[in-house]
Amino acid sequence: MSTTIQAIFIRGHEARDAPKPHTVYRIEVQGPIRTWQVWRRYSEFDDLHTELASSTGAPPPTSLPGKHTFSILGRFNEAAIVEERTRGLELWLRAIVGNKDSKWRDALAFRDFLMMPAVTATSSSTGTATTASSAPAQFTSSSWLDEHSELQSLIRDIRSDVNKRNALSDAGDISSSHQSNVGAKKKLSTLLTRIGGLAKGLDDLGAAGMSEGEKQRRGDMIARLQDECEKLGKMVIASRQSTRPFSSNSAAQQSPASQADREALLGGARSGGKAPVTRVFGAAALETDKTRPLDDAGLVQLQQTEVDNQDAQLSQLSTILQRQKQIGVAIGSEIAEQIEILDRLSNDVDTVGGKLAGAKKQLNKLG
């Protein structure tokens, strides 16, 4: 899938003499992240029109401006006719970009004509991140920044999956929560791989002559991405572990605590801190208003009901504690980010202060 085109214009034209006199048109393409320019001549537009009609099975939604006799007479740079052709070519491009049917603008010939870069796409069925093409063998300065912006978008997607997982877990939808967890882990794996490629691309750009200051700045951008990866990894693991006690196959449900353990834990509270009342061997069991009218089966049922009520209360308490833990982790992450921002601000203030001090010394020397 190609980059989404937000706007397209033909900003100008110029006459060229090689290999023979002709006019080229400057196409400006505005994408969601960056803007680039492409120079094309009329014959290339004509070839593209023919190719689109052949590959899609239908001609583009509007026709190209017709060829004029001035091209035969050699008056290719006549101002009025060139301006008319410029407007016609711009309308032709906009008709393809703005048409409801995307078959023309998604055609490979059209993407190559505009030199459109490939971008990351997200699969809606699996929630995993895929790329429209393999990673570029070598980054340019602008494509490196594009990749960094896409990785930041991927980080936001992972955070969204983590929040979705937490909400589903709180709602008791374990299956959907697990699917969100798997999707977040796959995206995190893709993010780590692509950050490694970004670091390698920066090394290549440095070897190609990038300034040391710009290389350091981009190195700091990669370091912040790596920090985000580490935080996301902890969030994914913490979320996965926090949902485990509530699964239907948990050890707590398969092996509940014995009655003796429950009495040892809760008996003191029931008796007001005194030793629990136990049955003396050979003596009659103590009766209460609840147990007196019940037979043996009723007593067993009553005991099971009490145990179930206690388990439900413990589950509610565990859910509350789990949520408090998640809030604490989120607050901790936010505090860490704010501290990092404050540290960078402090460093910037120190740098500016040093520059001001130097400037002040120079002014004093001049004075």
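Residues numbered from 1 in each chain as written. Predicted model: local features only at pLDDT ≥ 70, side-chain atom pairs only at ≥ 80, totals over all residues. Heavy atoms only, no water.

Q: Tell me about the overall build of the chain, and please be specific about residues and values.
A: Each helix and strand in the chain was counted, giving 10 helices and 5 strands. Here the analysis covers contacts within the chain between residues at least 6 apart in sequence; of these, 63% occur between residues at least 24 apart. For the chain, the computed accessible surface area is about 23300 Å², with 55% contributed by carbon and sulfur atoms. (Helix = DSSP H or I, 4+ residues; strand = E, 2+ residues; numbered from the N terminus. Contact = heavy atoms within 4.5 Å. Areas by Shrake-Rupley, 256 points an atom, 1.4 Å probe, with all protein chains shown as cover.)

Q: So what's going on with the pairing of strand E2 (residues 22–30)? Which residues, and what values?
A: Judged by how many residues are buried, E2 sits mostly within the fold: 7 of 9 residues are covered. Bridge count for strand E1 (residues 7–16) against E2 is 9 bridges, and the pairing is antiparallel. Note on E2: the bridge partner recorded for alanine 15 is threonine 23. Linking E1 back to E2 in an antiparallel pair, the connection comprises 5 residues. Both E2 and strand E3 (residues 35–41) contribute to a ladder of 7 bridges, which runs antiparallel. Residue pairing for E3: glutamate 28 is matched across the bridge by glutamine 37. Connecting the antiparallel pair E2 and E3 is a turn made up of 4 residues. (Buried < 20%, exposed > 50% of the residue type's maximum accessible area, 1.4 Å probe, protein only. Pairing = 2+ DSSP bridges.)

Q: So what's going on with the pattern of salt bridges? Residues and values would help.
A: Using the criterion set out here, one finds 16 salt bridges in the structure. Linking lysine 103 and aspartate 101 is a salt bridge whose minimum nitrogen-to-oxygen distance equals 3.8 Å. We note a salt bridge from aspartate 161 to lysine 187, for which the minimum N-O separation is 3.2 Å. Residue aspartate 161 is located in helix H5 (residues 141–171), and its partner lysine 187 is located in helix H6 (residues 174–207); the two are separated by 26 residues in the primary sequence. You'll find aspartate 161 and lysine 187 in the same group, each marked buried. A network of salt bridges, in which partner residues are shared, links Glu147, Glu150 and Arg194. (Salt bridge = Lys/Arg side-chain N within 4 Å of Asp/Glu carboxyl O.)

Q: An account of the nonpolar core is requested, with residue identities and associated values reported.
A: Counting residues in each nonpolar core, the largest one holds 26 residues, and the members touching the most others are Ile27, Phe45, Leu93, Phe110 and Leu114. Going through the elements one at a time, E1, E2, E3, helix H1 (42–56), helix H3 (79–98) and helix H4 (108–114) are the ones with two or more residues in this core. With 6 residues, the top contributor of residues to this core is H3. Beyond its immediate stretch of four places on either side in the chain, phenylalanine 110 contacts Ile5, Leu48, Leu52, Leu93, Ile96, Val97, Trp104 and Arg105. Counting residues in each nonpolar core, the second largest holds 22 residues, with Phe139, Trp144, Leu188 and Leu202 among its members. (Core = buried A, V, L, I, M, F, W, Y, C linked by side-chain atoms within 4.5 Å.)

Q: Before we move on, could you go through the packing of H5 against H6 and cite the residues and values that matter?
A: Between H5 and H6, the shortest axis-to-axis distance is 9 Å and the interhelical angle comes to 160 degrees. In terms of orientation, H5 lies roughly antiparallel with respect to H6. Of the two possible hands of crossing, H5 and H6 adopt the one that is left-handed. The residue makeup of the contact of H5 with H6, split by class, is 13 nonpolar, 10 polar and 8 charged. (Axes fitted to C-alpha atoms, helices over the stretch in contact; angles between N-to-C directions. Parallel < 35°, antiparallel > 145°, perpendicular 65-115°, else oblique. Left-handed = near helix turned anticlockwise from the far one by under 90°. Nonpolar A, V, L, I, M, F, W, Y, C, P; charged D, E, K, R; others polar.)

Q: Tell me about the packing of H1 against H3, and name the residues and values.
A: Here H1 crosses H3 at 30 degrees, and the two axes come no closer than 12 Å. In terms of orientation, H1 and H3 fall into the roughly parallel class. Pair H1 / H3 crosses with left-handed handedness. Note on element contacts: H3 touches H1 through Arg85, Leu89, Trp92, Leu93 and Ile96, opposite Tyr42, Phe45, Leu48, His49 and Leu52. Here the residues of the contact of H1 with H3 are counted per class, giving 8 nonpolar, 1 polar and 1 charged.

Q: For the sheet that holds E2, give the residues involved together with the corresponding values.
A: Two strands in a sheet stick together by hydrogen bonds in their backbones, pointing the same way (parallel) or opposite ways (antiparallel). The 3 strands lie next to each other as E1-E2-E3, forming an open sheet whose pairing is antiparallel. Where the open sheet ends on each side, the last strands, each with one partner, are E1 and E3. Here the strands of the sheet are splayed against their neighbours by 25 degrees on average, with no regard to which way each runs. Contacting E1, E2 and E3, H1 runs over the sheet at an angle of about 95 degrees to E3. On the sheet, H3 packs against E1 and E2 and is oriented at approximately 150 degrees with respect to E1.

Q: Describe the confidence of the model for the chain, listing the residues and the values that go with them.
A: Per-residue pLDDT for the chain averages 78, and the proportion of residues at 70 or more is 77%. Confidence, expressed as mean pLDDT per element, reaches its minimum in the chain at strand E4 (residues 120–122) with 41 and its maximum at H1 with 91. Confidence over residues 69–77 falls short of pLDDT 50; this stretch has 12 contacts with residues more than four positions distant or in other chains. Low pLDDT, under 50, characterises residues 119–137; the predicted model gives this stretch 26 contacts beyond four residues in sequence or across chains. (pLDDT = per-residue confidence, 0-100.)

Q: Account for H1, naming residues and giving values.
A: Taking 1.5 Å per residue, 15 residues should reach 21 Å; H1 reaches 21 Å between its end C-alpha atoms and fits that length. Of all the positions in H1, only Tyr42, Phe45, Leu48, His49 and Leu52 are classed as buried. Projected onto a plane normal to the axis of H1, the buried residues spread over an arc of 110 degrees and lie on a single side. Across from the buried face of H1, at angles greater than 90 degrees, the exposed residues are Asp47, Thr50 and Ser54. On its buried side, H1 packs onto E1, E2, E3, H3 and H4. Count one or two residues on from H1 and you reach glycine 57, which has phi positive near 85 degrees. (Expected span 1.5 Å × (residues − 1). Arc of directions from axis to C-beta.)

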